[in-house]
Amino acid sequence: MKKWMSILLTALLSIAVLAGCNAENKNETKETEASKPSDNDDSKQITALVGLQMEMIHTIRKNLEPVTAYEQSQDAALQEEAVSSSKLIANELRGLEIPSDLSKELQGDMKESVELLALYFEERAATLKPDADLTEMDAALAAFHEKIGATFEKAGLHAPNFEKDVQ
């Protein structure tokens, strides 16, 4: 009988220890989950940034053809439409909605980035004439790339390059 009692007591003690360890692990898991920032928030911000980048590219591409056609041909008949298209791109970029899923800081940075890209297209419209000075236009594009690159890097992404999208 003593033998059975000691086995039963050992089994109960083992169960109690295992139950206590399991409860402790659950508490640690809850504390860890509560203390770390939500990965879901980060993924929402990344999705919002990439989505906005895609909207910017779409806005550019849908109206860019007259601009590139004039730049390649220098045909005076195409100049007026090219200038109008470049200004239209600038205005449509300014009309893009900055996603609310972004933090306030990233929202502000993206507003500045969009404005810099719009300024680039305004500068480009001003250079759509023979023998135009492209210095300010190139500087505007460089400023845009610098700003949007820094913004994306804050969010843990690689800096995007819009070079091929504006050509």
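Now for a quick tour of the structure. Remember, it's a predicted structure, so these values are computed and weren't measured experimentally. (Residues numbered from 1 in each chain as written. Predicted model: local features only at pLDDT ≥ 70, side-chain atom pairs only at ≥ 80, totals over all residues. Heavy atoms only, no water.)

Description of the packing of helix 3 (residues 65–73) against helix 4 (residues 76–94)
So, step 1. One can describe the packing of helix 3 onto helix 4 by two numbers: an axis separation of 8 Å at closest approach and a directional angle of 140°. Helix 4 is crossed by helix 3, and the crossing has left-handed handedness. Across the interface between the two elements, Pro66, Val67, Ala69, Tyr70 and Ser73 of helix 3 pack against Ala76, Leu78, Gln79, Glu81, Ala82, Ser85 and Ser86 of helix 4.
So, step 2. Looking at the contact of helix 3 with helix 4 residue by residue, the classes come out as 7 nonpolar, 4 polar and 1 charged. (Axes fitted to C-alpha atoms, helices over the stretch in contact; angles between N-to-C directions. Helix = DSSP H or I, 4+ residues; strand = E, 2+ residues; numbered from the N terminus. Left-handed = near helix turned anticlockwise from the far one by under 90°. Contact = heavy atoms within 4.5 Å. Nonpolar A, V, L, I, M, F, W, Y, C, P; charged D, E, K, R; others polar.)

What to know about a negative patch on the surface
So, step 1. On the surface, a cluster of negative charge is made up of Asp133, Glu136, Asp138 and Glu163.
So, step 2. On the secondary structure map, Asp133 appears in the loop between helix 5 (104–126) and helix 6 (135–154).
So, step 3. Its relative accessible area of 58% is what places Asp133 among the exposed residues. (Patch = residues over 30% accessible without salt bridge, like charges linked within 9 Å, V, L, I, M, F, W, Y side chains within 5 Å. Areas by Shrake-Rupley, 256 points an atom, 1.4 Å probe, with all protein chains shown as cover. Salt bridge = Lys/Arg side-chain N within 4 Å of Asp/Glu carboxyl O. Lys, Arg positive; Asp, Glu negative; His and termini not counted. Charge placed at Lys NZ, Arg CZ, Asp CG, Glu CD. Buried < 20%, exposed > 50% of the residue type's maximum accessible area, 1.4 Å probe, protein only.)

Observations regarding the pattern of salt bridges
So, step 1. Applying the stated rule across the entire model yields 9 salt bridges.
So, step 2. For Lys147, the salt bridge identified is with Asp109, shortest N-O distance 3.3 Å. With Lys147 in helix 6 and Asp109 in helix 5, the pair connects residues that are 38 residues apart, well separated along the chain.
So, step 3. Judged by its relative accessible area of 7%, Asp109 is buried.

Details of the nonpolar core
So, step 1. One finds Met56, Leu93, Met110, Leu117 and Phe121 to be the most contacted residues of the largest nonpolar core, which totals 34 residues.
So, step 2. Taken together, the elements giving at least two residues each to this core come down to helix 2 (39–63), helix 3, helix 4, helix 5 and helix 6.
So, step 3. At 8 residues, the largest contribution of residues to this core is made by helix 5.
So, step 4. With residues near it in sequence (within four places) discarded, Leu93 still touches Met56, Thr59, Val114, Leu117, Ala118 and Phe121. (Core = buried A, V, L, I, M, F, W, Y, C linked by side-chain atoms within 4.5 Å.)

Focus: unusual backbone geometry
So, step 1. Positive phi outside glycine occurs at Gln74, with the angle close to 55°.
So, step 2. One can find Gln74 in the loop between helix 3 and helix 4.
So, step 3. Look at Gln74 and you get partly exposed, because its relative accessible area is 42%.
So, step 4. With a phi angle near 55°, Asp131 is a residue other than glycine that sits in the positive phi range.

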